[in-house]
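A closer look at the structure
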Amino acid sequence: MEKNQELISIVLPVYNEEQGIDTTIDTLEKFAANQPQSFELIFVDDGSSDKSAQLIQNRQTDYGNIRLVEFSRNFGHQLAITAGIRYTKGEAVVVMDADLQDPPAVIVDMIDKWHEGYDVVYGKRLSRDGESLFKKATAAAFYRGLKRITNVNIPLDTGDFRLMDKQVVYQLRQMNEADPFVRGMVSWVGFKQTAVTYERQERIAGISKYPLRKMIRLAMDGVTSFSSFPLQLANWLGTGSIIFSIGYLITSLFTTMDTIHFAVFALFLMVGITLLSIGMLGAYLYRVFEASRKRPLYIVSKTVGFRHPQSQNNHQTYYKTTIKGRAYQQ
Ligand code: UDP
Ligand code: MG
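Residues numbered from 1 in each chain as written. Chains lettered and ligands numbered in written order. Predicted model: local features only at pLDDT ≥ 70, side-chain atom pairs only at ≥ 80, totals over all residues. Heavy atoms only, no water.

Quick reminder of the rule: UniProt positions are given in the numbering used here, feature names are shortened, and annotations may be inferred rather than shown by experiment.
As annotated in an unreviewed UniProt entry, the chain is Glycosyl transferase from Lentilactobacillus parakefiri. On record in UniProt, under Subcellular location (unreviewed entry), the comment for the chain is "Cell membrane". Of the chain, the UniProt comment under Sequence similarities (unreviewed entry) reads exactly: "Belongs to the glycosyltransferase 2 family. GtrB subfamily."

Written as structure tokens, this is what we have:
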């Protein structure tokens, strides 16, 4: 296919995906070959303990547009995306899962919207195949809850599968947030945003790398970085319980209620509210603490396939650079 001047970067965070990574690479390369644009595939290996990184590196001999950024350990999906977009050169950047849950064909729709003048085109999930009812229900509840309590307009039912114009990527690169919630940050940045809908597929191989623990952490990062509602909640709960106790005082003057039982109930209620409020304060405080330490967000142990890796990153990280195979085409 005759190529035009446009370069699109695809960023793929990878954590223990050895079972499916070769299929992902082949599928994407086949897709890329049939498009008028050129593509670069930027894999960020997020400290995989399996052979994912090696398998990606091996495929460099087959395809010259494969780049690899290796983390020194597992820093998490959101930081893998954060790092990946800092290494991109494209006019537009697409972020997608490395398990082909996000179909490459949707990228064509995204590019069309981008050509129409949109700066962010996010993928909105119509259905989620192969995901548990629990995951679907909690995800739906979370997105709706978050929308109610934040002041940024984070679209419903979207993950991190999206296309961003390079000016949006430029803005994201300036944001140095510890524990980033990327999809919230993209909404916060603004510009012209729109959606394309798609059917989310089952993963081609392996299991989800998002256990409940990681999902809860992501949800907490979303809340604490974009909403002050839980902090205000303590005030409301406190006010509510004061009104409640005054009401109780008044009614107890006229009725005979089992005071002991009620006292126990009230005690538990108060302790619950207090602990919840302290916990919430703690979550915010931890964010401040994280930010004040000024550690690098992640550590890159190795890059493969870049010509000038250092210039891509604005962190103090140490590189062992391997530039393999053919020259990197800009
Ligand atoms: N991932 C990652 N680091 C992690 C967890 C996941 O880089 O700590 C990658 C993973 O390999 C995949 C993407 O992030 O490419 C999304 O994860 P996953 O597909 O497991 O999540 P799900 O689609 O089930 O929500
Ligand atoms: Mg997935």
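1. Details of the overall build of the chain
Stated precisely, the cut-off is as follows: The helix and strand labels rest on DSSP assignments: H or I over at least four residues marks a helix, E over at least two residues marks a strand, and numbering proceeds from the N terminus. Note on exposure labels: buried denotes an accessible area under 20% of the residue type's maximum, exposed denotes more than 50%, and partly exposed covers the range between, all computed with a 1.4 Å probe on protein chains only. The criterion used for residue contact is that any of the two residues' heavy atoms lie within 4.5 Å. For every accessible area listed, the method is Shrake-Rupley and the probe measures 1.4 Å; residues are considered covered only by the protein chains on display. Charge convention: Lys and Arg are scored as positive, Asp and Glu as negative, and His as well as the terminal groups of each chain are ignored. Positions of charges follow a simple convention, taking NZ of Lys, CZ of Arg, CG of Asp or CD of Glu.
Secondary structure assignment for the chain yields 11 helices and 9 strands. Along the longest, intermediate and shortest principal axes, the C-alpha atoms of the chain span 85 × 40 × 35 Å. Residue burial in the chain is summarised as follows: out of 330 residues, 47% are buried. A separation of at least 24 residues holds for 79% of the contacts in the chain among residues at least 6 apart in sequence. Counting every atom, the chain has about 17,000 Å² of accessible surface; 59% of that belongs to carbon and sulfur. Once the 37 positive and 33 negative side-chain charges of the chain are each reduced to a mean point, those two points are 5 Å apart.

2. As for the site of ligand 1
Just so we agree on the cut-off: Nearness is defined per residue: one heavy atom within 4 Å of the molecule or strand is enough. Whenever a nitrogen or oxygen atom comes within 3.5 Å of another N or O atom, the pair is scored as a polar contact, on the condition that within protein one atom can donate a hydrogen and the other can accept it, and that pairs from neighbouring residues in sequence are kept only if both atoms are in side chains. Each residue gets one of three labels, nonpolar for Ala, Val, Leu, Ile, Met, Phe, Trp, Tyr, Cys and Pro, charged for Asp, Glu, Lys and Arg, and polar for the others, Gly among them.
Looking at ligand 1, there are 19 residues lining it, with Glu17, Asp46, Gln101, Ser208 and Lys209 nearest. A distance of 3.4 Å separates an oxygen atom of ligand 1 from a polar side-chain atom of arginine 200. Protein coverage of the free-state accessible area of ligand 1, which is 530 Å², stands at 95%. Across the shell around ligand 1, the residue classes break down as 5 nonpolar, 5 polar and 9 charged.

3. What about the coordination of the magnesium ion (ligand 2)?
Put simply, the test is: Only nitrogen, oxygen and sulfur atoms within 2.8 Å of the metal, or 3.2 Å for Na, K and Ca, are treated as donors, and water is left out, so sites may look incomplete.
Each protein donor to the magnesium ion (ligand 2) is listed here as Asp97 (OD), Asp99 (OD) and Gln101 (OE1); together their distances run 2.0 to 2.2 Å. We note that the donor set of the magnesium ion (ligand 2) lies within a single chain, spaced as D-x1-D-x1-Q. A relative accessible area of 2% means that aspartate 99 is categorised as buried. On the basis of relative accessibility, which here comes to 7%, the residue glutamine 101 falls in the buried class.

4. Quick word on the pairing of strand β6 (residues 158-165)
We count it as follows: Strands are labelled as partners when DSSP assigns at least two bridges between them.
The buried count for β6 comes to 8 of 8 residues, which makes it a mostly enclosed element. In this structure, strand β4 (residues 92-95) lies alongside β6, joined through 4 bridges in antiparallel fashion. Paired with valine 94 across the strands is leucine 163, a residue of β6.

5. Re the pairing of strand β2 (residues 38-45)
Applied cut-off: The definition of a right-handed crossover adopted here requires that, viewed with the strands pointing away, the path from the first strand over the helix to the second runs clockwise.
Where burial is concerned, most of β2 is hidden: 7 out of the 8 residues are buried. Sheet topology note: the strand β1 (residues 7-14)/β2 ladder contains 8 bridges and is parallel. When the sheet's bridge partners are listed, valine 11 is paired in β2 with isoleucine 42. Read as a crossover between parallel neighbours, the route from β1 over helix α1 (residues 21-33) to β2 is right-handed. Strand direction decides the pairing type here: β2 and strand β3 (residues 66-71), joined by 5 bridges, are parallel. When the sheet's bridge partners are listed, aspartate 45 is paired in β3 with glutamate 70. Following the chain from β2 across helix α2 (residues 52-58) to the adjacent parallel β3, one finds a crossover that is right-handed.

6. Points about the pattern of salt bridges
Opposite charge on two side chains allows them to pair when their charged atoms are near. As a reminder, the rule being used: Salt bridges, as used here, are contacts in which a Lys or Arg side-chain nitrogen is within 4 Å of a carboxyl oxygen on Asp or Glu.
Tallying each qualifying case throughout the model produces 14 salt bridges. Overlapping salt bridges, with partners in common, bring together Glu17, Asp99, Arg203 and Lys209 in one network.

7. Observations concerning the packing of helix α5 (residues 133-149) against helix α8 (residues 212-226)
Applicable threshold: Between the N-to-C directions of two axes lies an angle of 0 to 180 degrees, each axis being a line fitted to C-alpha atoms and, for a helix, fitted only over the stretch in contact. Angles are sorted into four bins: roughly parallel if under 35 degrees, roughly antiparallel if over 145, roughly perpendicular if 65 to 115, and oblique for all others.
Remark: α5 packs on α8, axes separated minimally by 11 Å, with the N-to-C direction vectors making an angle of 10°. In terms of orientation, α5 and α8 fall into the roughly parallel class. When α5 is examined against α8, the residues Phe134, Lys135, Thr138, Phe142, Leu146 and Ile149 are found in contact with a partner set consisting of Leu212, Met215, Ala219, Gly222 and Val223. Looking at side-chain class alone, the contact of α5 with α8 contains 8 nonpolar, 2 polar and 1 charged residues.

8. Observations concerning the environment of arginine 287
Among the secondary structure elements, arginine 287 is positioned in helix α10 (residues 259-293). By relative accessible area, arginine 287 is classed as buried at 17%. For the pair arginine 287 and aspartate 179, spaced 108 residues apart in the sequence, the C-alpha separation amounts to 8.0 Å. Setting aside anything within four residues of it in sequence, one finds arginine 287 in contact with Glu177, Ala178, Asp179, Asp221, Thr224 and Ser225.

9. Description of the packing of helix α6 (residues 166-174) against helix α7 (residues 182-189)
Which entries qualify depends on this criterion: Whether a crossing is left-handed or right-handed is set by the direction in which the near helix is turned from the far one by less than a right angle, anticlockwise for left-handed and clockwise for right-handed.
Their axes nearest at 10 Å, the elements α6 and α7 cross at an angle of 115°. Between α6 and α7 lies a crossing whose hand is right-handed. Judged by residue contacts, Val168, Gln171 and Leu172 of α6 engage Met185, Val186 and Val189 from α7. Here the contact of α6 with α7 is built from residues that sort into 5 nonpolar, 1 polar and no charged.

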